[in-house]
Amino acid sequence: MAAQQAKEYISYTQSSNQMLHKHLTFASEKIENLEDKLDTQKYHNARLDHQNRALTTNLHVLMQTTSQLKRQLKEQQEKALQAVNDTQKMQTERKALEAQVLLQSQRVREMKKNYDELQEENKALQEKAAKGRVKSSKKKLKKMTRSSTFNASNRRAAAGRI
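Residues numbered from 1 in each chain as written. Predicted model: local features only at pLDDT ≥ 70, side-chain atom pairs only at ≥ 80, totals over all residues. Heavy atoms only, no water.

A.B. asks: I tried to follow the overall build of the protein on my own but got confused; where do I start?
C.D. replies: Each helix and strand counted, the protein has two helices and zero strands in total. Relative to its full complement of 162 residues, the protein shows a buried share of 2%. When the accessible surface of the protein is split by element, carbon and sulfur atoms take 57% of a total near 15300 Å². (Helix = DSSP H or I, 4+ residues; strand = E, 2+ residues; numbered from the N terminus. Buried < 20%, exposed > 50% of the residue type's maximum accessible area, 1.4 Å probe, protein only. Areas by Shrake-Rupley, 256 points an atom, 1.4 Å probe, with all protein chains shown as cover.)

As structure tokens, then:
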């Protein structure tokens, strides 16, 4: 009976060992699968780290470029604003100059009109003065010829002046 029990115990132990061997084999395969997955994951992580570093570098370059572009845009906006201000100033100055030219042209027209009027008045006065001189010269001549001190040569000279 002890031999029977020993046989059963050996048989039980062998079957337990077979079962443990199966479990160990299964666990060993699982471990190998997990190690393969871990290696694959490490490879993917290394690739992602490399990509991450490249993207970080690209991000820094983009940030620097964006900063430069912002500065350039600000400078261009300032230049454009200055150009607009200069243009407005020039337009204001041009309008002021146009107003001055208009005012000066009005003054010139008025002065020309006044000059023409003065010329006409001067001409009229000259004509009037010429007529008056002729009359006064004739009167003087008559008066001088009546006087006893007036001789013939003075008469001829006076007549030549008329």
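A.B. asks: Just to check I follow, could you spell out a negative patch on the surface for this structure?
C.D. replies: A cluster of acidic residues, Glu29, Glu32, Glu35, Asp36 and Asp39, forms a negative patch on the protein surface. For Asp39, a relative accessible area of 47% translates into the label partly exposed. (Patch = residues over 30% accessible without salt bridge, like charges linked within 9 Å, V, L, I, M, F, W, Y side chains within 5 Å. Salt bridge = Lys/Arg side-chain N within 4 Å of Asp/Glu carboxyl O. Lys, Arg positive; Asp, Glu negative; His and termini not counted. Charge placed at Lys NZ, Arg CZ, Asp CG, Glu CD.)

A.B. asks: Please clarify how a nonpolar patch on the surface should be interpreted in this entry.
C.D. replies: On the surface, a nonpolar cluster with roughly 390 Å² of combined accessible area is contributed by Tyr9, Ile10 and Tyr12. Take Tyr12: it is sitting in helix 1 (residues 2-146). Tyr12 gets classed as exposed once you look at its relative accessible area, which sits at 56%.

A.B. asks: I'm lost on the pattern of salt bridges in this one. Help?
C.D. replies: A side chain with one charge can pair with a side chain of the opposite charge if their charged atoms come near. Evaluation of the coordinates by the stated rule reveals two salt bridges. With its nearest N and O atoms 3.0 Å apart, the salt bridge here joins Arg94 to Glu98. Of this pair, Arg94 and Glu98 both sit in helix 1, separated by four residues, roughly a single helical turn. Judged by relative accessible area, which is 42%, Glu98 ranks as partly exposed. Ionic pairing is found between Lys112 and Asp116, a salt bridge with its closest N-O pair at 3.7 Å. On the criterion of helical spacing, the pair formed by Lys112 and Asp116 is a turn pair, its members being four residues apart in helix 1. Lys112 sits in the exposed class, given a relative accessible area of 51%.

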